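Take a look at the letters that make up each chain.
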Amino acid sequence: MRLKIVAGNWKMNLSFEEAEELVSSIADQLEEIDLEETEVVICPPYPYLEMVLDIAEESVFSVGAQNISQFDNGAYTGEVSARMLASMDVDYCIIGHSERRKYFGETDEIIAQKIDQALKHEFIVIFCCGELLSERRAGKHFDVVRQQIEKALFSLSEKEFYNIIIAYEPVWAIGTGENATPEQAQEMHAYIRGLIASRYGNDVANETSILYGGSCNSKNAPEIFAQPDVDGGLIGGASLNADEFIKIIKVIL
Ligand code: PGA
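Everything numeric here is computed off the predicted structure, so don't read it as measured data. (Residues numbered from 1 in each chain as written. Predicted model: local features only at pLDDT ≥ 70, side-chain atom pairs only at ≥ 80, totals over all residues. Heavy atoms only, no water.)

### Here's the deal with the overall build of the protein
Here is step 1: Looking only at helices and strands, the protein has twelve helices and eight strands in total.
Here is step 2: For 253 residues, the compact-globule estimate of 2.2 N^0.38 gives 18 Å, and the protein sits close to it at 17 Å.
Here is step 3: On the principal axes, the C-alpha backbone points of the protein span a range of 45 × 45 × 35 Å.
Here is step 4: Looking at the protein alone, contacts between residues at least 24 apart form 71% of all its contacts between residues at least 6 apart. (Helix = DSSP H or I, 4+ residues; strand = E, 2+ residues; numbered from the N terminus. Rg over C-alpha atoms; globule rule 2.2 N^0.38 Å. Contact = heavy atoms within 4.5 Å.)

Structure (structure tokens):
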């Protein structure tokens, strides 16, 4: 059985105090919940990682970084390496988010380098893919997602691929309040699982968690998470509110 996962991506939000309050409240509420086979991951901004890791030590959630450098070590001012994050016991890393592609010029090639770095340091990678609205309107969404996945992931070995989680995040749904319909999510998730099966075989495809992301909240999560190929969510805005985030976690249980 593949893992169900709810991951919160805080992006560039919150003061230190607000972040501490949020993660403390999430940890308190998680005490009341039996997560069973579900994994909860919180991805705070870098400066808050240590604080969140401290609270995670006493709790059941895992911690992820929102980004890592494609470089190994050395003179790269402002960058944070996989090696550094691994030495802090961060387990997960988001790579390929559309905001990084759009605002920071991350190409498929850079993303592939980041994935190599992350896997070298034994991270579990949450790899994001998804089409623009114009691409969906032009009927190219399957091709776009296939190319993103092939370029970033399909040179990995089967063993490496077991450390990959895929997040399908249609760009037009991120932060817009307009989520994909459950049917649109299921259709794309099934397509992605089919791609993985054709490259790595059915066993790997069946073990790969595929998350939905894009304006996911406690209202739309029940229908989206009920789809057979949706294994949870990558949650942005709604992960900044502890009660709302907990409600979303409860949907997947
Ligand atoms: P959103 O962001 O939930 O705010 O749409 C999701 C994401 O970008 O991971």
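Moving on, there is more to tell.
### A word on the site of the ligand
Here is step 1: The local shell around the ligand consists of N9, K11, H97, E169, A173, I174, G175, G214, S215, L234, G236 and G237.
Here is step 2: In this structure, an oxygen atom belonging to the ligand sits 2.7 Å away from a main-chain N or O atom of G175.
Here is step 3: The contact in question runs from an oxygen atom of the ligand to an N or O atom on the backbone of G236, over 2.9 Å.
Here is step 4: For the ligand, whose accessible area on its own is 280 Å², the fraction buried by protein is 95%.
Here is step 5: Of the residues belonging to the shell around the ligand, the class tally is three nonpolar, seven polar and two charged. (Near = heavy atom within 4 Å. Polar contact = N/O pair within 3.5 Å; in protein donor to acceptor, adjacent residues only side chain to side chain. Areas by Shrake-Rupley, 256 points an atom, 1.4 Å probe, with all protein chains shown as cover. Nonpolar A, V, L, I, M, F, W, Y, C, P; charged D, E, K, R; others polar.)

### Looking at the state of the cysteines
Here is step 1: Overall, the coordinates contain zero disulfides when judged by the stated rule.
Here is step 2: This cysteine, C93, is not joined by any disulfide, and C43 carries the nearest cysteine sulfur, 8.1 Å off.
Here is step 3: In this structure C93 comes out as buried when scored by relative accessible area, which is 0%.
Here is step 4: The cysteine C128 is free of any disulfide, with C129 supplying the nearest cysteine sulfur at 7.6 Å.
Here is step 5: Take C128: its relative accessible area is 2%, and that puts it in the buried class. (Disulfide = S-S within 2.5 Å. Buried < 20%, exposed > 50% of the residue type's maximum accessible area, 1.4 Å probe, protein only.)

### Focus on the sheet that holds strand β3 (residues 62-65)
Hydrogen bonds between backbone atoms are what pair the strands of a sheet, whose relative direction is either parallel or antiparallel.
Here is step 1: Read around the closed barrel, the eight strands follow the order β1-β2-β3-β4-β5-β6-β7-β8; overall the barrel is parallel. Across this sheet, the average inter-strand angle for adjacent strands is 25 degrees, counted without regard to direction.
Here is step 2: Bridging between strand β4 (residues 92-95) and strand β5 (residues 124-129) involves four bridges; their strand directions are parallel. What sits directly across from I95, in β5, is F127. (Pairing = 2+ DSSP bridges. Axes fitted to C-alpha atoms, helices over the stretch in contact; angles between N-to-C directions.)

### Description of the pattern of salt bridges
Two side chains with opposite charge may pair up if their charged atoms get near one another.
Here is step 1: Scanning the model with the defined rule gives 13 salt bridges in all.
Here is step 2: Its salt-bridge partner being R83, residue D72 comes within 2.7 Å of it at the nearest N-O pair. On the criterion of sequence distance, the pair formed by D72 in the loop between β3 and α3 (82-87) and R83 in helix α3 is long-range, its members being eleven residues apart.
Here is step 3: With a relative accessible area of 39%, R83 lands in the partly exposed category. (Salt bridge = Lys/Arg side-chain N within 4 Å of Asp/Glu carboxyl O.)

### A word on the pairing of strand β6 (residues 164-168)
Taken residue by residue, a regular strand's side chains alternate between the two faces of the sheet.
Here is step 1: For β6, the buried fraction is high: five of the five residues fall into the buried class.
Here is step 2: The alternating pattern of β6 places I164, I166 and Y168 and I165 and A167 on opposite faces, both of which are buried.
Here is step 3: The sheet contact formed by β5 and β6 spans five bridges and is parallel. Looking at β6, one finds that I126 is bridged to I165.
Here is step 4: Relative to strand β7 (residues 210-213), β6 is paired through three bridges, and the arrangement is parallel. Paired with A167 across the two strands is L211, which belongs to β7.

### Overview of the packing of helix α1 (residues 16-30) against helix α2 (residues 49-57)
Here is step 1: Relative to each other, α1 and α2 sit at 20 degrees, their axes nearing to 10 Å. The angle between α1 and α2 falls in the class roughly parallel. For the crossing formed where α1 meets α2, the hand is right-handed. Judged by residue contacts, F16, A19, E20, V23, S24 and A27 of α1 engage M51, V52 and I55 from α2.
Here is step 2: When its residues are assigned to classes, the contact of α1 with α2 shows seven nonpolar, one polar and one charged. (Parallel < 35°, antiparallel > 145°, perpendicular 65-115°, else oblique. Left-handed = near helix turned anticlockwise from the far one by under 90°.)

### What about the packing of helix α7 (residues 141-153) against helix α9 (residues 182-200)?
In a pair of packed helices, the angle between the axes and the distance between the axes together describe the arrangement.
Here is step 1: Close contact between α7 and α9 brings their axes to 11 Å; oriented N to C, the two are set at 40 degrees. Here α7 is positioned oblique relative to α9, judged by the angle of their axes. For α7 against α9, the interelement crossing comes out right-handed. Here α7 contributes H141, F142, V145, R146, I149 and L153 to the contact with α9, which in turn contributes E187, M188, Y191, I192, L195 and Y200.

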